[in-house]
Amino acid sequence: MRVALTFLALASPALAEVPQVVTDIPPVQALVAQVMGDLGTPELLLAQGADEHDFQLRPSQARAVAGAGLVVWIGPELTPWLESALETRGEGAAVLSLLRAEGTTLRSYAAGKGHEADQDQEDAGHDHGSDDPHAWLDPENAQVWLELIAADLSRLDPANAATYQANAAAAV
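What comes next concerns the included structure. Please read these numbers as outputs of a predicted model, since none were measured by experiment.

Basis of the calculations
Residues numbered from 1 in each chain as written. Predicted model: local features only at pLDDT ≥ 70, side-chain atom pairs only at ≥ 80, totals over all residues. Heavy atoms only, no water. Helix = DSSP H or I, 4+ residues; strand = E, 2+ residues; numbered from the N terminus. Buried < 20%, exposed > 50% of the residue type's maximum accessible area, 1.4 Å probe, protein only. Contact = heavy atoms within 4.5 Å. Areas by Shrake-Rupley, 256 points an atom, 1.4 Å probe, with all protein chains shown as cover. Arc of directions from axis to C-beta. Salt bridge = Lys/Arg side-chain N within 4 Å of Asp/Glu carboxyl O. Pairing = 2+ DSSP bridges.

### Some details on the overall build of the protein chain
Then comes step 1: Regarding its fold elements, the protein chain presents seven helices and six strands.
Then comes step 2: Taken from the N to the C terminus, the helices and strands of the protein chain come in the order α-β-α-β-α-β-α-β-β-α-β-α-α.
Then comes step 3: Counting all 172 residues of the protein chain, 41% fall into the buried class.
Then comes step 4: Counted over contacts in the protein chain with a minimum sequence separation of 6, partners at least 24 positions apart contribute 62%.
Then comes step 5: Just so you have it, the protein chain exposes about 9700 Å², and 53% of that area is on carbon and sulfur atoms.

Pasting the structure below:
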């Protein structure tokens, strides 16, 4: 009986380990969660309603970023506090920056308008520049990003690539 169980264990395929994924803001977490489906739940760093411009990582969150298989974020234009934590991950660590990803439609602030707190942000040394980093408000960007997220997860976890691709297609 033991010999049979040993052969069964050796003959069965190894279970793929789904990568730990960390996201910066709720809209990004929602997109990643749709792609991952039942395979896992991405960790959200910034809770709903928190200020994405002025945030400090807790030590547990810094550890999550350091140990993540993939970090998906808008980019330094929206969440600059995450940039230094990403730099500690080392070269080659999987990071998907959505705002500057190929296929993303950038929105510009209208002349004389912009982020409601731009002047306060600039006075504090934080400036978005001319591009509006709130690009998730464009549904076409969400479609592009779903495919990019699925591609990165598929690269990191080829055993579940078909699931990621199917989930992204369903979300689109």
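On we go from here.
### Considerations on helix 7 (residues 161–171)
Then comes step 1: The complete set of buried residues in helix 7 reads A161, Y164 and A168. The buried residues of helix 7 occupy an angular sector of 65° when the element is viewed end-on, so they sit on one face. Summarising the geometry of helix 7, the exposed residues directed more than 90 degrees from the buried face are A162, A169 and A170.
Then comes step 2: In this fold, the buried residues of helix 7 make contact with helix 2 (26–36) and helix 6 (139–156).

### Notes on the pattern of salt bridges
Then comes step 1: Per the counting criterion, the structure on display carries three salt bridges.
Then comes step 2: Salt-bridge contacts for E77 lead to R100; the nearest nitrogen and oxygen are separated by 3.1 Å. One end of the pair, E77, is in the loop between strand 3 (70–73) and helix 4 (83–87); the other, R100, is in the loop between strand 4 (95–97) and strand 5 (107–108), with 23 residues separating them in the sequence.
Then comes step 3: Taking relative accessible area as the criterion, E77 reaches 17% and is therefore assigned buried.
Then comes step 4: For R100, a relative accessible area of 48% corresponds to the partly exposed category.
Then comes step 5: With its nearest N and O atoms 3.3 Å apart, the salt bridge here joins R100 to D131. Of this pair, R100 sits in the loop between strand 4 and strand 5 while D131 sits in strand 6 (residues 131–132), and the two are 31 residues apart along the sequence.
Then comes step 6: Since its relative accessible area comes to 17%, D131 is described here as buried.
Then comes step 7: Among the charged side chains, a network of salt bridges with common partners joins E77, R100 and D131.

### A short note on the sheet that holds strand 3
Then comes step 1: The strand order across the open sheet built from four strands is 2-1-3-4, with neighbouring strands paired in parallel fashion. The open sheet is flanked by strand 2 (43–44) and strand 4, the only strands paired with a single partner.
Then comes step 2: Where strand 3 lies against strand 4, three bridges are found, and the strand directions are parallel. Across the sheet, residue V71 finds its bridge partner in strand 4, namely V95.

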